[in-house]
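Descriptive structure summary
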Amino acid sequence: MRIFSGIQPTGRKHLGNYIGAIRQYVDGQERGDPAIYCIVDLHAITVPHDPQALRRSVYDTLALLLAAGLDPDRCVLFRQSDMPEHTELCWLLSAVTAYGDLTRMHQFKEKSQRQRELVSAGLFFYPVLQAADILLYRTDEVPVGEDQRQHLELARDVAERFNARFGEILTVPRHRIPEVGAKIMDLQDPTSKMSTTTESTAGVIFIDEEPDEIRRKVRAAVTDPGREIVRSSDKPGISNLIEIMAVVRGVNPADVEREFAGRGYAEFKQAVAEAVVEFLRPVRERYRELRPDEEALERTLADGAERARELARPVLADVRRAMGFGPAVRQPV
Ligand code: TYM
C-alpha cells in the first residue's frame, strides 16, 4: 500500500500537527510500501513569504520529522520543489479540475480573507497542487488531520474525472484521519483549531517548546463552566484537553474521564501539562541535535528526491501519453 502525505514548512510546527498528522506518518512507515512524505515548500508561497526564511523552515521541518521518528531508510522523505514533476502534473490536472469546486474550498475562503494586500492565484490553485502531490505516486492512503478532508475529496474527484476521460491511470486515494486528535483546538480559543496563523500564540504549544512554557500555556488554557471532566459540546476547552491527554498517554478519552472523575480542573491541567512535557521531550532533544547539521539535512533531501523521482516518472509518463503529449507510441505489428 502506498502512503503519501505533505506538510508545509511554514511557522513552527505545533502539537496539532504532531497529534493529527506526524504521529500517523511514523506509524505509516511500518505499513507503507513505501510511505512517502513531502515537505511542501511550493505550497508555502501561496501567501507572502520571505525566501531566506523559507529555506530555513524546510530544514526546521525536516529536522522535526526526523526527531519525531521518520527514518529516511524506511520512508521516502523529500522537498517538493526538488521535483518539477509535481508542478507539471498540477497543470495537467487543471484540465479535469472544476473551477466551481475550487471556489467552494473552506481553506481558500478563510485564507483569502486574511490576506491584506494580494490574494494570489496560487492560493486558489493550492488544492490542485495538493491533488498532484498525492496522485503522482498512485497513493492509496493519505494520513492527515480533519482540516484536510475537503482537499482530499477534491483529489478523489480529480482522479475519478481523469480516469473517466483518459482511462484508468490514476489511483483514487482515501484519507486516514485519526479517530482521536484529528482536530486539536487552540488552548485560548477552543472553538478554533490550533494553528500558527492565529494572531496570538498563547494557545499554541509548539513541538520544540520549553517545558516551563508548556506548563504555563496549559495552566492558562481556557476551560468551561462547571467542574466535571467529561467531553461534551458545551465544554470545548475540557474536551480538547481530554483528547490531548488521551493521545499523549496512548489511552482512550473515556479512560481519561474515568481517571479524573471527581477531581478539579487545576489538578487535571497540571497532569495534562506534565504528560505533554514528557511526550514532547525526546522530540525536542533530538531536534536540537539534528537541526544544526544543514549539510546532512540537505543530503537526506537529495537522496529522498532521487527515490521519489523513480516512483513519479512512470506515472507522469502514463498521464502525458494518455492526454496526447509526446510522439505517438507505435503498436508492434
Ligand atoms: P499543514 O502543514 O498545514 O499541516 C500538516 C498536517 O497537520 C494537520 N493539522 C492538524 N491536525 C490536528 N489538529 C490541528 N489543529 C491541526 N493543524 C494541522 C493537517 O491536517 C495536516 O495533515 N495542505 C496540507 C499540506 C499538503 C498535503 C499534500 C497533505 C500539501 N500536499 C498532500 C496531504 C497530502 C497542509 O496544509 O498541511
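Residues numbered from 1 in each chain as written. Predicted model: local features only at pLDDT ≥ 70, side-chain atom pairs only at ≥ 80, totals over all residues. Heavy atoms only, no water.

**With respect to the site of the ligand**
Neighbouring the ligand are 28 residues, the closest being Q8, Y126, D133, D147 and I184. Between the ligand and Q8 there is a distance of 2.8 Å, counted from an oxygen atom to a backbone nitrogen or oxygen. In this structure, a nitrogen atom belonging to the ligand sits 3.1 Å away from a main-chain N or O atom of G16. Contact with the protein chains hides 96% of the accessible area of the ligand, taken as 710 Å² for the molecule alone. (Near = heavy atom within 4 Å. Polar contact = N/O pair within 3.5 Å; in protein donor to acceptor, adjacent residues only side chain to side chain. Areas by Shrake-Rupley, 256 points an atom, 1.4 Å probe, with all protein chains shown as cover.)

**A few points about the pairing of strand β3 (residues 76-79)**
Going residue by residue along β3, you find V76 and F78 tucked away on one face and L77 and R79 tucked away on the opposite face as well. Sheet topology places strand β2 (residues 35-39) next to β3; four bridges connect them, and they run parallel. Among the inter-strand pairings, Y37 is bridged to a residue of β3, identified as L77. Handedness of the β2-helix α2 (residues 51-68)-β3 crossover: right-handed. (Buried < 20%, exposed > 50% of the residue type's maximum accessible area, 1.4 Å probe, protein only. Helix = DSSP H or I, 4+ residues; strand = E, 2+ residues; numbered from the N terminus. Pairing = 2+ DSSP bridges. Right-handed = clockwise from strand over helix to strand, strands pointing away.)

**Quick word on the domain arrangement of the protein**
Domain boundaries in the protein define domain 1 (3-181 + 294-323) and domain 2 (211-288). A C-alpha centroid distance of 31 Å is found between domain 1 and domain 2. Every contact between the two is made by eleven residues of domain 1 and, on the other side, eleven residues of domain 2. When residues of domain 1 are sorted by the area they lose upon contact with domain 2, L15, A67 and V180 head the list and together hold 45% of the total. (Domains from an automatic or database assignment. Contact = heavy atoms within 4.5 Å. Buried area = accessible area lost by both parts, 1.4 Å probe.)

**Quick notes on the packing of α2 against helix α11 (residues 265-290)**
Any two packed helices are characterised by the angle at which their axes cross and by the distance between the axes. Packing of α2 against α11 brings their axes to within 8 Å, and their N-to-C directions diverge by 130°. Considering their axes alone, α2 and α11 lie oblique with respect to each other. Handedness of the crossing formed by α2 with α11: right-handed. Packed against α2, whose contacting residues are D60, A63, L64, L66, A67 and A68, the element α11 presents V283, R286, Y287 and L290 at the interface. In terms of residue class, the contact of α2 with α11 is made up of eight nonpolar, no polar and two charged. (Axes fitted to C-alpha atoms, helices over the stretch in contact; angles between N-to-C directions. Parallel < 35°, antiparallel > 145°, perpendicular 65-115°, else oblique. Left-handed = near helix turned anticlockwise from the far one by under 90°. Nonpolar A, V, L, I, M, F, W, Y, C, P; charged D, E, K, R; others polar.)

**Structural notes on empty space enclosed by the protein**
Evaluation of the coordinates by the stated rule reveals one cavity of 30 Å³ or more. The computed volume of the largest cavity comes to approximately 50 Å³. Of all the secondary-structure elements, those providing two or more residues to the lining of the largest cavity are α5 (106-114) and α6 (121-135). Grouping the amino acids of the lining of the largest cavity by side-chain chemistry returns five nonpolar, two polar and one charged. (1 Å grid on protein atoms, 1.4 Å probe; cavity = no way out; pocket = protein on both sides within 12 Å on 5 of 7 lines; lining within 4 Å. Points joined across faces, edges and corners; volume = space filled by probe spheres on them.)

**What to know about the pairing of strand β1 (residues 3-7)**
Remember that side chains alternate between the two faces of the sheet whenever the strand is regular. Of all five residues making up β1, four are buried, and the element is well covered by its neighbours. Summarising the sheet, β1 and β2 pair through five bridges and their orientation is parallel. Bridge assignment links I3 to a residue of β2, and that residue is A35. Following the backbone out of β1, through helix α1 (residues 15-31) and into the adjacent parallel β2, one traces a crossover that is right-handed.

**Details of the pattern of salt bridges**
Opposite charge on two side chains lets them pair, provided their charged atoms get close. Counted under the stated rule, the structure contains 30 salt bridges. One salt bridge in this structure joins R320 and E88, with 2.5 Å as the shortest N-O distance. Within this pair, whereas R320 is found in helix α12 (residues 294-323), its partner E88 is found in helix α3 (residues 84-94), the two being separated by 232 residues in sequence. Exposure remark for R320: the relative accessible area of 33% places this residue in the partly exposed category. Residues joined by salt bridges that share partners form a network here, namely R31, E141, R174 and R176. (Salt bridge = Lys/Arg side-chain N within 4 Å of Asp/Glu carboxyl O.)

**Digging into unusual backbone geometry**
Cis geometry marks the peptide bond from D33 to P34, where omega comes out at -10°. Turning to its location among the elements, P34 is positioned in the loop between α1 and β2. If you check the backbone angles, R138 has positive phi at about 45° while not being a glycine. Position of R138 among the secondary structure elements: in the loop between α6 and β4 (141-143). Exposure remark for R138: the relative accessible area of 25% places this residue in the partly exposed category.

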